[in-house]
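Listed below, chain by chain, are the residues.
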Amino acid sequence: VQVMALIAYLMEHKNNFGPHLIIVPNAVIVNWKSELQQWLPTVRCVYYVGQKDERARKFTQEVSPGMYNVLVTTYEYIMRDRSKLCKIDWRYIIIDEAQRLKERQSKLARDL
C-alpha cells in the first residue's frame, strides 16, 4: 500500500506520471497486479512478463511508445531484457524484497 500511496502522491501532487519501474519477485507479481488495480485503477500499468515474443510485443506496442505510468516486472525479466529496459528514463525504480541487492557484486545488483 505504501508504494501505491507514493505513486498516487507523485501523480497528484508532483505531476510526475512516470514512467516508474517496479521490480518484484515472480511469486508475488499477481499480488502486485491485484493491489495496483484495487488502489490505483486509473494508472496505466504494463505487466512485463511472459515468453520472449510476448515481452517483445509489449515492449514495441506499449513500453517504447510510453503508453503507461508503471511497468511491473520480475528480477529475472530485468536481467533478461536489460538492454531494452535500460533505455527507458525511469523516474522512480521501486524494488520489492530488495534484500536480494545486498550483495553488491551480484548479477542483479550490477544489472540494476
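The paragraphs below set out a description of the structure included in this document. Since the model is a prediction, treat every value here as computed from it, not as a measurement. (Residues numbered from 1 in each chain as written. Predicted model: local features only at pLDDT ≥ 70, side-chain atom pairs only at ≥ 80, totals over all residues. Heavy atoms only, no water.)

## Looking at the pattern of salt bridges
Rules: The salt bridge definition used is simple: a Lys or Arg side-chain nitrogen within 4 Å of an Asp or Glu carboxyl oxygen. Runs of E in the DSSP output that reach at least two residues are strands. Runs of H or I that reach at least four are helices, and both are numbered from the N terminus. Type-normalised accessible area, obtained with a 1.4 Å probe on protein chains alone, sets the label of each residue: buried when under 20%, exposed when over 50%, and partly exposed for intermediate values.
The final tally for this structure, using the stated rule, is 2 salt bridges. The closest approach of N and O atoms between lysine 58 and glutamate 54, which form a salt bridge, is 3.6 Å. Here glutamate 54 and lysine 58 lie together in helix α3 (residues 52-63), a separation of 4 residues that amounts to about one turn. For lysine 58, a relative accessible area of 10% corresponds to the buried category. Take glutamate 54: its relative accessible area is 32%, and that puts it in the partly exposed class. Arginine 55 is the salt-bridge partner of aspartate 81, the closest N and O atoms lying 2.8 Å from each other. On the criterion of sequence distance, the pair formed by aspartate 81 in the loop between α4 (75-80) and α5 (82-85) and arginine 55 in helix α3 is long-range, its members being 26 residues apart.

## Overview of the sheet that holds strand β2 (residues 45-48)
Test applied: Whether two strands pair comes down to DSSP finding at least two bridges between them. Simply put, an axis is a line fit to the C-alpha atoms, just over the touching stretch for a helix, and the angle between two N-to-C directions goes from 0 to 180 degrees. Whether two residues touch is decided by their heavy atoms; if any such pair falls within 4.5 Å, the residues are in contact.
Taken in spatial order, the 4 strands of this open sheet run β2-β3-β1-β4, and their pairing is parallel. At either end of the open sheet lies a strand with only one pairing partner, and these are β2 and β4 (92-95). The sheet shows a mean angle of 20° between the axes of neighbouring strands, direction not considered. Here 4 bridges tie strand β1 (residues 20-24) to β4, and the two strands are oriented parallel to one another. When the sheet's bridge partners are listed, isoleucine 22 is paired in β4 with isoleucine 94. In this fold α3 packs onto β2 and β3 (70-74), with an angle of close to 160° to the strand it touches most, β2.

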